[in-house]
Amino acid sequence: MTSPTPSQHQGEPVHQIQQTQAQQAQQTQAQQMPRPVQQQHPMPLTHPYPHGAAGTPYTAPPTAPFAPRRDPLAAPDGSKPADRRLLAITSAAIILPILCDRLVFAWSDVNTYTPWFDGFWLAVIATVTVLFFRTAHRSLMWCFTTIATAMLCAYAIAMHAAGKIDDSWVTTSFLAVPCLTMMSLQLSDGRFDSHHPWLTVKRWMLGWISPFTKLNAVGSTLSHAQHAIRALSQDQSNASSADTDTAGSERRTGHMSTARRILLIIVVAVPLLVALTALLASSDLVFNYALRRMIGSIDLAEFVRHVLIIVFLFPFCLSILAQTEVTNRLRMHACTPSGTGDATANRNERTFDTTVAAVVLALVLVLYAMFCAIQFAFLFSGRQLPDGYTYSQYAREGFFQLLAVVCVNLAGYALILCRVRHTAPLTGMLIVLIGETGVMLASALWRLHLYIGAYGLTWLRLESLTFMWMLIAVLILCLVRLFVPRLPLATISFILVVVWYVALVLSNPNNIIDAYNQARQITDAI
């Protein structure tokens, strides 16, 4: 745009000429500046009007980006276990259900198959040792628990070889050995803290339900195991690139690899054919006869039952082994807070008010004092009981209730010790609680002594008798703990319980029971 000539401004006032030149300069500057690009908002086809209700342009709602599915085996930093490691875990998860079926469920007679139950637990202990020895051997508690479990399994197998299947064998096989095996599995991370064992206790309790709640790890573990098999079949130097190319080509073309097709055919076809063959054989006698002539004397129904047992146990076994591997790896690489830090934080956090805890404990101590007075007045002094009561009946009715109260007292002691701020009056009341608990234990021991004297000694009574002496040792440790704060009370108590039970079953309890009953001329203990 050209500026006006002087002839054009002749006859015009000076202020009009200056105003015209200023307007022309503003128009020139506006033309030279770049215009902002207006964003075009996409309008969906279903929207009936080009503008909103208030005349504003319609804006499409923002869409969230697609979040990829997280691998359940991945750590918070994105790292995953090695494929070959998961292949070994998958192989162990296949072997253990087969051993369980062969050693436990393959026998029809209960008196025949149950002793082999300990052989299965011995195989479980050996598998855990082989899989997790690289981290587990760092923990002395794991070594202690594993050796104790192996000794109990050897004892149960020896009892079977000698033909002595009694109550002690049942308690060992179905209670002690499974509990210790689970503890050995949870201690396999090698980072047990003797002063703060509560994280291990929590993992032990969750270990019984984690196979049912962590089944999402089964598919991921099988996928990693398949990658390991594929890598082993190829050259090590080109394994990773070949897997990447294969996966990319499968995604691009939408076709499955040959190995995956074969695996899918086996997984789908084999169970289907077995189930249909069993149904057809049971529906037609001639077909059943011809099938037996071809395959021999195999019982198809029995075969299907054992296959279903193995298939049912496999995912749960794989789930617990995979979760143990993930937990151990996280603790090794410090991807989760250590147990010591958590326990120290919990120790510093005092949840319960000191006054409330002291008042409640004082009321409980008053009740216990009344009970202890009754024990000294009747049981320990030998005075005449109320009419209609005998000493054997008096002992039988109160033993297990007193044992339950003692356990409640020990739990309350641990709760106050961990969650209440320590004061001198509270410490004095805890000492009184330990003393009154000792009186209750003495009462239970006296009742059990009267009961054994009247009816003889059995395995359950011998177990209860020695267990109460072990509880007396725990009470002494509780008293020492009040004056020695660094004493690992829970860890020492656990070791004491394990040593007590192993020593009891290895001391030949049947001979002890027989010798006691013969010395008192009790022919048949009831």
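Remember, predicted model here, so these are calculated numbers, not experimental data. (Residues numbered from 1 in each chain as written. Predicted model: local features only at pLDDT ≥ 70, side-chain atom pairs only at ≥ 80, totals over all residues. Heavy atoms only, no water.)

1. Quick word on the overall build of the chain
The secondary structure content of the chain amounts to 20 helices and 0 strands. Across the 526 residues of the chain, 36% fall into the buried class. The long-range fraction of contacts in the chain, counting pairs at least 24 apart against all pairs at least 6 apart in sequence, stands at 75%. Split by element, the accessible area of the chain, about 31600 Å² in all, is 66% carbon and sulfur. (Helix = DSSP H or I, 4+ residues; strand = E, 2+ residues; numbered from the N terminus. Buried < 20%, exposed > 50% of the residue type's maximum accessible area, 1.4 Å probe, protein only. Contact = heavy atoms within 4.5 Å. Areas by Shrake-Rupley, 256 points an atom, 1.4 Å probe, with all protein chains shown as cover.)

2. With respect to the nonpolar core
Within the largest apolar cluster, 75 residues are counted, with the highest numbers of intra-cluster contacts made by Leu152, Leu321, Leu361 and Tyr413. With 11 residues, the top contributor of residues to this core is helix 17 (residues 424-455). Leu321 has contacts with Ile89, Ala92, Ala93, Leu131 and Phe132, leaving out every residue within four places of it along the chain. (Core = buried A, V, L, I, M, F, W, Y, C linked by side-chain atoms within 4.5 Å.)

3. Focus on the packing of aromatic side chains
Each aromatic ring pair is specified by the distance between its two centres and by the angle formed by the two planes. What the rule picks out here adds up to 9 aromatic pairs. An angle of 50° between the planes, with centres 4.9 Å apart, marks the rings of Phe212 and Phe316 as tilted. A residue pair is termed long-range when its members are at least 10 positions apart, and Phe212 in helix 8 (residues 210-213) and Phe316 in helix 13 (residues 300-332) qualify at 104 residues. Judged by its relative accessible area of 18%, Phe316 is buried. Members of the aromatic cluster, connected to one another through ring pairs, are Phe212, Phe312 and Phe316. (Phe/Tyr/Trp six-rings, centres within 6.5 Å; stacked < 30°, edge-to-face > 60°.)

4. Some points on helix 4 (residues 117-136)
Spacing of three or four residues puts side chains on the same side of an α-helix, whose turn is 3.6 residues. The first and last C-alpha atoms of helix 4 sit only 25 Å apart over 20 residues, clearly below the 28 Å expected at 1.5 Å per residue. Most pronounced at Val130, the bend in helix 4 amounts to some 50°. Among the 20 residues in helix 4, 14 count as buried, and that is most of the element. (Expected span 1.5 Å × (residues − 1). Bend = angle between axes of the 7 residues up to and from the residue.)

5. As for the state of the cysteines
Note: disulfide means a covalent bond formed between the sulfur atoms of two cysteine side chains. Under the counting rule described, the total for this entry stands at 0 disulfides. Free of any disulfide, Cys317 has its nearest neighbouring cysteine sulfur in Cys100, separated by 9.2 Å. Owing to a relative accessible area of 14%, Cys317 belongs among the buried residues under this scheme. (Disulfide = S-S within 2.5 Å.)

6. Description of the pattern of salt bridges
Taken as a whole and judged by the stated rule, the model has 4 salt bridges. Close ionic contact of Arg85 with Glu325 constitutes a salt bridge, the shortest N to O distance being 3.1 Å. You can see Arg85 sitting in helix 2 (residues 83-105) and its partner Glu325 sitting in helix 13, a full 240 residues away along the chain. Residues Arg85 and Glu325 agree in their burial class; the two are buried. We note a salt bridge from Asp189 to Arg203, for which the minimum N-O separation is 2.6 Å. Of this pair, Asp189 sits in the loop between helix 6 (167-186) and helix 7 (198-207) while Arg203 is found in helix 7, placing the two residues 14 residues apart along the sequence. Like Arg203, Asp189 is buried. (Salt bridge = Lys/Arg side-chain N within 4 Å of Asp/Glu carboxyl O.)

Geometry only, nothing functional implied.
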